[in-house]
Amino acid sequence: MTDAHERRSRLVVLAGPTAVGKGTVAAEVRRSHPEVWISVSATTRKPRPGEENGVHYWFVSDEEFDRMIAEGDLLEWAVVHQAARYGTPRQPVDLALASGRPAMLEIDLQGARQVRETMPDALFVFLKPPSWEELVRRLVGRGTESAEERERRLVTAREELAAETEFDVTIVNHEVHAAAEQLVALMTHSPTDL
Ligand code: 5GP
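Everything numeric here is computed off the predicted structure, so don't read it as measured data.

Points about the sheet that holds strand β5 (residues 74-80)
The strand order across the open sheet formed by four strands is β4-β3-β6-β5, and the pairing between neighbours is mixed. Strand pairing shows two members of the sheet lacking a second neighbour, β4 (58-59) and β5, which therefore form its edges. Pairing between β5 and strand β6 (residues 84-89): six bridges, direction antiparallel. In the sheet register, Val79 faces β6, and the bridge partner there is Arg85. Across the sheet, helix α3 (residues 90-99) lies against β5 and β6, angled at about 35 degrees from β6, the strand it touches most.

Structural data, given as structure tokens:
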């Protein structure tokens, strides 16, 4: 028998339409399953109130993001909502996988597609809203975006919903704790189960 800690773990990539609650589900996994390693992305967007550098994101300048791209530091990166750049620092992912810890990325669809090219063995999980109406309600309810920004995100969300078929597994986000538990259960399955 192989000791799980001696084995490289399988990366789980969580994606889904905007406002489906990816960030909330990831935060719930972080809270209830500290054994799971969750990537901290770099972004050029400004921090929202309560967001901390190194915890929610690495908040970097455009110049710093350019440097990370040029030096090959990012596993994937994308411009999200035509507004800011977001990317996954490569080295922490490699270290987490090598340590055998369950590891996940919470990224947008463009990023997930890039990871599929470079890491086809990862498990791609699509987080889906219970309905389109619920997705709109969550986007409006969050209240952190302007009307123009919301409209832009809804256009992106419609396109993103159509991408479900590209994924290995779908989780419907009826309730955040249940969705987080389903996600963690997928991470702790042996790779041959899926
Ligand atoms: P927010 O600005 O609301 O924190 O995140 C906006 C979007 O950026 C979310 O859909 C989130 O999944 C995505 N995102 C966060 N980090 C990354 C990343 O490292 N790479 C990519 N491609 N998307 C990311």
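Some words on the sheet that holds strand β8 (residues 123-128)
In spatial order, the strands read β2-β7-β1-β8-β9; together these five strands make up an open sheet with parallel pairing. On the outer flanks of this sheet lie β2 (37-38) and β9 (169-172), each paired with one strand and no other. For β2 and strand β7 (residues 103-106), the ladder comprises two bridges, and the chain directions are parallel. In the sheet register, Ile38 faces β7, and the bridge partner there is Met104. The strands touched by helix α1 (residues 22-32) are β1 (11-15), β2, β7 and β8; relative to β7, the strand with the most contacts, the crossing angle is about 155 degrees. The strands touched by helix α7 (residues 176-188) are β1, β7, β8 and β9; relative to β9, the strand with the most contacts, the crossing angle is about 160 degrees.

Focus: the pairing of β9
The two faces of β9 differ: Val169 and Ile171 on one face are buried, but Thr170 and Val172 on the other face are not. Of the strand pairs in this sheet, β8 and β9 are connected by four bridges, and their pairing is parallel. The residue bridging Leu127 from the neighbouring strand is Ile171, located in β9.

A closer look at the site of the ligand
In the neighbourhood of the ligand, 16 residues make up the surrounding shell, with Ser41, Arg45, Tyr57, Tyr86 and Glu106 lying closest. Side-chain polar atom of Ser41 to an oxygen atom of the ligand: 2.6 Å apart, as the coordinates give it. Asp108 is positioned with one of its side-chain polar atoms (N or O) 2.7 Å from a nitrogen atom of the ligand. Considering the ligand on its own, with 510 Å² of exposed area, one finds that the protein chains cover 93% of that surface. Looking at the shell around the ligand, the elements with two or more residues in it are β5 and β6. Taken together, the residues of the shell around the ligand sort by class into five nonpolar, four polar and seven charged.

Here's the deal with the environment of Gly54
With respect to the helices and strands, Gly54 occurs in the loop between β3 (42-43) and β4. Looking at Gly54, the relative accessible area reads 22%, which means it is partly exposed. Here the alpha-carbon distance between Gly54 and Val184, two residues 130 residues apart in the chain, equals 23 Å.

Structural notes on the pairing of β5
Of all seven residues in β5, five are buried, a share of seventy percent or more. The hairpin formed by β5 and β6 contains three residues between the paired strands, and His81 there has a positive phi angle of roughly 55 degrees.

Conventions and cut-offs
- Residues numbered from 1 in each chain as written.
- Predicted model: local features only at pLDDT ≥ 70, side-chain atom pairs only at ≥ 80, totals over all residues.
- Heavy atoms only, no water.
- Pairing = 2+ DSSP bridges.
- Helix = DSSP H or I, 4+ residues; strand = E, 2+ residues; numbered from the N terminus.
- Contact = heavy atoms within 4.5 Å.
- Axes fitted to C-alpha atoms, helices over the stretch in contact; angles between N-to-C directions.
- Buried < 20%, exposed > 50% of the residue type's maximum accessible area, 1.4 Å probe, protein only.
- Near = heavy atom within 4 Å.
- Polar contact = N/O pair within 3.5 Å; in protein donor to acceptor, adjacent residues only side chain to side chain.
- Areas by Shrake-Rupley, 256 points an atom, 1.4 Å probe, with all protein chains shown as cover.
- Nonpolar A, V, L, I, M, F, W, Y, C, P; charged D, E, K, R; others polar.

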